[in-house]
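Residues per chain, in single letters:
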Number of protein chains: 2
Amino acid sequence: MSALHAVIMAGGRGTRFWPASREALPKQFLTVCGDESLLRRTARRLYPLTGEENVWVVTNAAHVDVVAEHLPEIRRERIVGEPVGRNTAPCAGLAAALVAREDPEAVLLVAPADHWITDEEGFRRTAATAMRAAAELAGLVTFGIVPTSPQTGYGYIEAAAGEEGPVRRVARFTEKPDRPTAEKFLAGGRHLWNSGIFAWRADVFLEELEASRPELAAACRRIAAARDREAALAEIYPGCEGISVDYAVLERSRRVYVVPSEFAWSDVGSWTALAEVLPADEHGNAVEGDALTLDTHDCLVRSPQRLAALVGLENLLIIDTPDALLICAKERAQDVKALVEALERRGRRDLL
Amino acid sequence: MSALHAVIMAGGRGTRFWPASREALPKQFLTVCGDESLLRRTARRLYPLTGEENVWVVTNAAHVDVVAEHLPEIRRERIVGEPVGRNTAPCAGLAAALVAREDPEAVLLVAPADHWITDEEGFRRTAATAMRAAAELAGLVTFGIVPTSPQTGYGYIEAAAGEEGPVRRVARFTEKPDRPTAEKFLAGGRHLWNSGIFAWRADVFLEELEASRPELAAACRRIAAARDREAALAEIYPGCEGISVDYAVLERSRRVYVVPSEFAWSDVGSWTALAEVLPADEHGNAVEGDALTLDTHDCLVRSPQRLAALVGLENLLIIDTPDALLICAKERAQDVKALVEALERRGRRDLL
């Protein structure tokens, strides 16, 4: 069988996790629970599948050193620094082109660095199925999380009618639905959450990218072939189209599959999403750090450096850092991004 | 006419203003608005009445130096340090005894250090009336604030039926009433808020104290007569009864008067009371320091050292200090005291 590689996409800015995440320290580098960063948890989840030596990380060039600190066991040349972010298609294309130079038929497991998965065994069982399918079917295999609620915040993957078993053909992708549609999806049983985790052979992905975005595929191959990778990245990458792998390839390809996945998963896209997966005390409060609560319920509290004394509160996000404090109603977590933009407009670069 | 003296009672602990106030820095030393502490505002309000040279401050012995820092113009021997707090009766008795040694018929204006009065002219007009009445009538004169709402948090002074004019005989004192009673008081027009500000002649007050609490009066005279005042305070004061001037003297005396007072006044007994008197922006937020608000209404925010970013909040008190953060629903401001007690029980003396 071909070699197995893993590609961790660690290019996110994580503005929704301000003020804990900053430009210098995006969400994937945060420790949100326990004592390991999301990035390190992701990597350690993958090591048993591919071995440490076959794990790649694509990240912002400014964060290459941070990645190396979090994952000292990864070979430095497998940490790829993007001079600018260009969404997931160039990232996945570049990784495929780099791996293809070692072994064109190698199978890549492509996963975001900042997702929440606690059931590691369940994840790896699903990943083994997906990687085997990618090798054998020469298709693009997606991980489709079996929905447990009518989520409107996720994209959905619809399996083709009549498909059964652990690997199913995909009929179509659907953007974030409204609530009634999400409820129909949940009841129908053919729609799965698009986890953003994929498996494919390097050559197969490059073929499909070639078909839909020939310029992007050529750019990726040129960078991978360059003797001075850093220089090639700096020269070529900024000119690449910024586009998602879903839109550039998956929604256009005719050989896309989905593996229904039962492990508990969250993309922790906001503080509120994090609050939903963290363990809480008997009052529903998820507390990290030093807090004293009185009649306070269903709050997420991060106060690692000072006492947070909370009286009569409900459904709040309270995130304390040395130079900025966020207090946000849970249902307004999406507005944290707007806050960061407002800070940017006000020239508060010290806080970004 | 006799000399006029002012006595500032600055012995409060101010636990309701945690975490801004601490044992080392009670409320009277806080700057809650503008750039002067409540103590300094109180003193500067009194100077035009009595002159700086006739202002006394009674405070905790541990705070004598802090008082001297806030009020460098006050003569050091007029800052009296209580070795322990014993409520207002011993404080007022001691001040009267000290002043009486200079001039038994001197009139004292006795005022708490930590009240909120912005209409300084109005205050001084009332004070002049009260001091003149104290001198001429040889009575105990209270400042009764004309109520503007049915407050249940204040004690009330009831003027005797049929009394008119700027100085009225008092019929009785009433503790904090329930809501229907407070509404009756407001409608009736004879009840005034007990401001805790008083005027009396030194000799008259000592006579009345003598009548109701002879031991306490004797103790005050002994301390005032001692050559080494500090030693006498340490020896005698801890044995004094801890009792309020209202209960020990005013409620028992037959020569008590009230001056109806129209100036805006608050005892700022809690963060919420402070929020009610501070100027607010168009969303009802009273902000001091660095804050960025989004759909946030009617909050009190003190964040002098860091950015506080607030999204979707309402009616909260947010008090940020270097080592402790308080977030409290406005209607729960009274529970801040319970919080401080909880910290004490948990041995968090570093935060008290």
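Keep in mind the model is a prediction, meaning the values are calculated, not measured.

Draft legend 1. Fine view of the nonpolar core. By size, the foremost hydrophobic cluster in this structure holds 246 residues, and its most contacted members are Ile8, Ala95 and Leu108 of chain A together with Ile8, Ala95 and Leu108 of chain B. Beyond its immediate stretch of four places on either side in the chain, Ala95 of chain A contacts Val7, Trp56, Val58, Leu108 and Val110 of chain A.

Draft legend 2. How the structure looks around the relation of the copies chain B and chain A. Note on the identical chains: chain B maps onto chain A by a rotation of 180° and an axial translation of 0.1 Å, with an RMSD of 0.1 Å. Accordingly, the operation relating the two chain copies is best matched by a two-fold axis. Of the residues that chain B buries at the interface, 100% are likewise interface residues in chain A, meaning the two copies contact each other through the same surface.

Draft legend 3. Highlighting the interface of chain B and chain A. At the junction of the two partners, chain B supplies 27 residues and chain A supplies 27 residues. Taken together, the elements giving at least two residues each to the side of chain B that touches chain A come down to β12 (286-294), β13 (300-311), β14 (316-320), β15 (324-329) and α11 (336-345) of chain B. A per-element tally of the side of chain B that touches chain A places β13 of chain B first, with 7 residues. Its residues placed into classes, the side of chain B that touches chain A shows 20 nonpolar, 2 polar and 5 charged. The pairing of strand β13 (residues 300-311) of chain A with β15 of chain B spans 5 bridges and is parallel. Looking at the pairing, Ala309 of chain A lines up with Leu326 of chain B of β15 of chain B.

Draft legend 4. Structural detail: the domain arrangement of chain A. Residue and element names in this part refer to chain A. Segmenting chain A into domains produces domain 1 (4-266) and domain 2 (271-351). Taking only C-alpha atoms, the centre of domain 1 and the centre of domain 2 are 29 Å apart. If you look at the interface, domain 1 gives 10 residues, while domain 2 gives 16 residues. Classifying every residue of the side of domain 1 that touches domain 2 by side-chain character gives 7 nonpolar, 2 polar and 1 charged.

Draft legend 5. Highlighting the packing of helix α3 (residues 88-102) of chain B against helix α6 (residues 202-212) of chain B. Residue and element names in this part refer to chain B. Closest axis-to-axis distance for the α3/α6 pair is 9 Å, and the angle between their directions is 135°. One way to sum up the angle between α3 and α6 is to call them oblique. When the axes of α3 and α6 are compared, the crossing they make is left-handed. Where α3 abuts α6, its residues Ala92, Gly93, Ala96, Ala97, Val99 and Ala100 lie against Ala202, Asp203, Phe205, Leu206 and Leu209. Looking at side-chain class alone, the contact of α3 with α6 contains 9 nonpolar, 1 polar and 1 charged residues.

Draft legend 6. The arrangement of helix α3 (residues 88-102) of chain A in detail. With 15 residues, α3 of chain A ought to run about 21 Å at 1.5 Å a step, and its terminal C-alpha atoms sit 22 Å apart, in line with that. Counted residue by residue, α3 of chain A has 13 buried out of 15 residues, so it is predominantly covered.

Thresholds applied
Residues numbered from 1 in each chain as written. Chains lettered and ligands numbered in written order. Predicted model: local features only at pLDDT ≥ 70, side-chain atom pairs only at ≥ 80, totals over all residues. Core = buried A, V, L, I, M, F, W, Y, C linked by C-beta atoms within 7 Å. Buried ≥ 20, exposed ≤ 12 C-beta atoms within 10 Å, placed from the backbone. Contact = placed C-beta atoms within 7 Å. Least-squares fit on C-alpha atoms with pLDDT ≥ 70 in both. Helix = DSSP H or I, 4+ residues; strand = E, 2+ residues; numbered from the N terminus. Nonpolar A, V, L, I, M, F, W, Y, C, P; charged D, E, K, R; others polar. Pairing = 2+ DSSP bridges. Domains from an automatic or database assignment. Axes fitted to C-alpha atoms, helices over the stretch in contact; angles between N-to-C directions. Parallel < 35°, antiparallel > 145°, perpendicular 65-115°, else oblique. Left-handed = near helix turned anticlockwise from the far one by under 90°. Expected span 1.5 Å × (residues − 1).

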